[in-house]
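Tertiary structure, described
Chain by chain, the residues run as shown.
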Amino acid sequence: MQQDELQEFIKTQAMELGVPGVAVGVLLDGQEIYASHGVTSLSNPVPVDEKTLFHLASVSKTFTATALMRLVAEGKVDLDAPVRHYVPELNLADERAAAAITVLNLLNHTSGLDWNLIDDGEGDRSLAGLVAKLPQLPLIAPPGARASYSQAGYNLAGRIIEKVTGLPFEQAMAALVLEPVGLADTVYGLSEVMVRKFAVGHNRSDDGELRPARPWAAFREGARGDNPGGGLASSVSDLLRWARFQLGEGEGVLPEAELHRMREQTVELRASTLGDGFGICWFLRDLDGLHGIGHGGSGNGQFAELLIVPERNFAVVSLANVGLDGYPFNQSVVRWALENYLGIVEQTAQPVPYDKERAQEVAGRYDIDAMNLDIASDGTRLTLAVGIKPEIREASDEEMPPDYPAAEIGFLPGDNDEYIVTEGGLEGQRGYFSRDADGAVTGVDLAGRLFKRVTQAF
């Protein structure tokens, strides 16, 4: 019955949202429940199942962080040590920041590094090559000042693993984590993906037709510099094994205390749908008094979601092979699983009525290195749109994920400048506007990362 109800739910949701293929897994009372629907590819349809590989994107970070924690447990890495202790060639736009950033700053996104460098397919695309380019990456805050989600920070963490082990990152990860945990279908690179059943990502074109997403995954093949932050592919069955490991005692990989240390809050997150704080990599969430740890990932035409509730020995995994709509699909699966298996009903915050004066105050363009975020007001509603910068899209000879079109947002009650997205592919996402000492709006947080203001009254 548990499997039948889950199967019916994901079938209905996938059809409603137009997701070609989905795979879902639940760990409940020691038992694994699987459900899948649809196909790996619209152009070459093969049924999806629990062994089908999807691109994990940022869920990969949980593996990188666990590997680094093994090196911490073995006394080879100190979380409080400067990154330069392990990567002495590190240089950044700000020398003081380069000298001050610690390993922990990378793992809990408090390094002050902007999101990431865009891979252009040129030059040295290894982790060493990425580190050499980091002086080009903007800094959004001094190290330790605040949390802001950074892919670059995790890629730099991968370089630490290479330097300490003396192995290429992918080989080190296999030896430190993947092989000991028994994750035979959790792999880096198309050469490994293509010999297994795998899902093709899909994006919706302007005419509404779903087309295969190119490149496969979020980065062009050969971009090894992005593997620590987002390079893994895996299956629902392997991810439930990963969840079992995280719920266990370390199983010869690292001591239980070090494994569970990753669940302890290291920094608070404000007004974020992703969680109330960061542990070591994990987003931490209060679930009606229970402690949830999780991570999501968004690739090119694929989305992944993993949530673990340690007190209940529970986990849910949801993988979807379509852009934009894959996110609300995965979120609906997580909500359904929490309610139907644990009795947890998450409440959606309700915004206050539109306020023209407040709307005009925050309207404008905000950006990070790769994306623009536009807040606009037409006198009746406030909207948020986010997408890849046009110049980056135009310069690329590869297809890129579609932008999120303008969707209504509303301020939440109180005077904390917090908001919620009320429609579209980011529906339910929460964030906040930041101000300087004079009270002027200087930035907006979305999905755990800071977009700095560049123009007003957009």
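Structural data are supplied above this passage.
Residues numbered from 1 in each chain as written. Predicted model: local features only at pLDDT ≥ 70, side-chain atom pairs only at ≥ 80, totals over all residues. Heavy atoms only, no water.

1. A look at the overall build of the protein chain
Threshold: Helix and strand assignments come from DSSP, with helices taken as H or I runs of at least 4 residues and strands as E runs of at least 2, each series counted from the N terminus. We compute the radius of gyration over the C-alpha atoms and compare it with the globule rule, which gives 2.2 Å times the number of residues raised to the power 0.38. For every residue, the accessible area (1.4 Å probe, protein chains only) is compared with the maximum for its type, and the residue is labelled buried under 20%, exposed over 50%, or partly exposed between those bounds. Contacts are assigned to residue pairs that have any heavy atoms within 4.5 Å of one another. Note on areas: these come from Shrake-Rupley sampling with a 1.4 Å probe, and a residue is covered only by the protein chains present in the view. Only four residue types enter the tally: Lys and Arg on the positive side, Asp and Glu on the negative side; His and the chain ends are excluded. Every charge is mapped onto a representative atom, which is NZ of Lys, CZ of Arg, CG of Asp or CD of Glu.
In terms of helices and strands, the protein chain carries 14 helices and 21 strands. Taken against the 2.2 N^0.38 rule, which gives 23 Å for 458 residues, the C-alpha radius of gyration of the protein chain at 21 Å falls within 12% of a compact globule. With respect to the principal axes defined by its C-alpha atoms, the protein chain has extents near 60 × 55 × 45 Å. Looking at the protein chain as a whole, 58% of its 458 residues are labelled buried. In the protein chain, the proportion of contacts linking residues at least 24 apart, taken out of those at least 6 apart, comes to 62%. Of the roughly 18,200 Å² of accessible surface on the protein chain, a fraction of 48% belongs to carbon and sulfur atoms. Distance from the positive charge centre (38 side chains) to the negative charge centre (66 side chains) of the protein chain: 3 Å.

2. What about the pairing of strand β20 (residues 441–446)?
Note the threshold: Two strands qualify as a pair provided DSSP detects at least 2 bridges between them.
The element β20 is extensively covered by neighbouring structure, given that 5 of its 6 residues are classed as buried. Of the pairings in the sheet, the one linking strand β19 (residues 430–435) to β20 comprises 5 bridges and is antiparallel in character. Within the sheet, the bridge partner assigned to S434 lies in β20 and is G443. Taking the residues between adjacent antiparallel strands as the criterion, β19 and β20 are bridged by 5 residues, where G439 takes a positive phi near 90°. Pairing of β20 with strand β21 (residues 449–456) involves 4 bridges; the strand directions are antiparallel. Bridging from a neighbouring strand, G443 pairs with K452 of β21. From the end of β20 to the start of β21, which pair antiparallel, there are 2 residues, and A447 there has a positive phi angle of about 55°.

3. Notes on the side chain of H109
So the rule is basically this: Pairing of N or O atoms within 3.5 Å defines a polar contact, subject to two protein rules: one partner must be a possible hydrogen donor and the other a possible acceptor, and residues neighboring in sequence count only if both atoms are side-chain atoms.
Within the element layout of this structure, H109 appears in the loop between α4 (103–107) and α5 (127–133). Owing to a relative accessible area of 1%, H109 belongs among the buried residues under this scheme. Polar contacts involving the side chain of H109 include one to the main-chain amide nitrogen of S150, which spans 3.0 Å. Residues within four places of H109 in sequence aside, it is in contact with K61, R146, A147, S148, Y149, S150, Y154 and F278.

4. A few points about the sheet that holds strand β18 (residues 418–421)
Stated precisely, the cut-off is as follows: With axes taken as lines fitted to C-alpha atoms, and helix axes fitted only over the stretch in contact, angles between N-to-C directions fall between 0 and 180 degrees.
Strands sit in the order β14-β15-β16-β17-β18-β19-β20-β21 around a closed barrel of 8 strands; the barrel is antiparallel. For this sheet, the mean inter-axis angle between neighbouring strands, taken without regard to orientation, is 30°. As paired elements, strand β14 (residues 364–367) and β21 share 4 bridges and run antiparallel to each other. Directly across from Y366, in β21, lies its bridge partner R453.

5. Here we look at the packing of helix α2 (residues 60–73) against helix α7 (residues 169–181)
Rules: Orientation categories follow fixed angle ranges, with anything under 35 degrees roughly parallel, anything over 145 roughly antiparallel, 65 to 115 roughly perpendicular, and all other angles oblique. In this classification, Asp, Glu, Lys and Arg are treated as charged, Ala, Val, Leu, Ile, Met, Phe, Trp, Tyr, Cys and Pro as nonpolar, and every other residue, Gly included, as polar.
One way to put it is that α2 packs onto α7 with a least axis distance of 10 Å and a crossing angle of 85°. On the basis of their axis angle, the class for α2 and α7 is roughly perpendicular. Two secondary-structure elements touch here, α2 through F63, T64, T66, A67, R70 and L71 and α7 through F169, M173, A175, L176, V177, L178 and P180. Here the contact of α2 with α7 is composed, by residue class, of 10 nonpolar, 2 polar and 1 charged.

6. A few points about the environment of S332
Inspection of the secondary structure assignment puts S332 in helix α12 (residues 326–342). With relative accessibility at 7%, the residue S332 sits in the buried group. The spacing of S332 and K452 is 120 residues in sequence and 30 Å in space, taken between C-alpha atoms. Beyond its immediate chain neighbours, meaning those up to four positions away, S332 contacts F9 and Q13.

7. Considerations on helix α6 (residues 151–165)
The α-helix advances 3.6 residues per turn, and as a result positions three or four apart in sequence lie on the same side. Formally: Multiplying 1.5 Å by the helix residue count minus one yields the expected span of that helix.
Under the 1.5 Å per step criterion, the end-to-end length of α6 is 22 Å for 15 residues, consistent within 8% with the ideal 21 Å. In terms of burial, α6 is largely enclosed, as 12 of its 15 residues are buried. Here the buried face of α6 lies against α2, α4, α5, α7 and α9 (227–230). Between the side-chain oxygen of the N-cap and the backbone nitrogen of A152 there are 3.4 Å, and the N-cap of α6 in question is S150.

8. Digging into the nonpolar core
Keep this limit in mind: Definition of nonpolar core: a set of buried residues of the types Ala, Val, Leu, Ile, Met, Phe, Trp, Tyr and Cys, connected through side-chain atoms within 4.5 Å.
With 75 residues, the main nonpolar core has F63, L68, L107, L134, I160, I161 and W242 as its most contacted residues. When sequence neighbours within four positions are dropped, the list of residues in contact with L68 reads V77, V103, L107, A157, I160 and I161. Judged by nonpolar contacts, the second largest core, of 35 residues, contains V267, Y327, L373 and V386.

9. Structural notes on the sheet that holds strand β10 (residues 283–287)
Ordered in space as β2-β1-β13-β12-β11-β10-β9-β8, the 8 strands form an open sheet in which the pairing is antiparallel. The sheet is open, and its two edges are formed by β2 (31–38) and β8 (267–268), each paired on a single side. Pairing analysis gives 6 bridges linking strand β1 (residues 21–28) to strand β13 (residues 314–320), with the strands arranged antiparallel. Within β13, the position partnered with G25 by the bridge is V317.

10. Describing the pattern of salt bridges
Heads up, the rule is: Salt bridge, as applied in this entry: a Lys or Arg side-chain nitrogen positioned within 4 Å of an Asp or Glu carboxyl oxygen.
One pass over the structure, following the stated rule, counts 29 salt bridges. E162 is the salt-bridge partner of R224, the closest N and O atoms lying 3.2 Å from each other. Within this pair, whereas R224 is found in the loop between β6 (210–212) and α9, its partner E162 is found in helix α6, the two being separated by 62 residues in sequence. D185 serves as the salt-bridge partner of R196, at 2.9 Å between the closest nitrogen and oxygen. Placement of R196 in the loop between α8 (190–193) and β5 (202–204) and of D185 in the loop between α7 and β4 (187–188) is noted, with a sequence separation of 11 residues between them. The class for D185 is buried, based on a relative accessible area of 19%. Through salt bridges that share partners, E89, R159, E162, K163, E170 and R224 make up one connected network.

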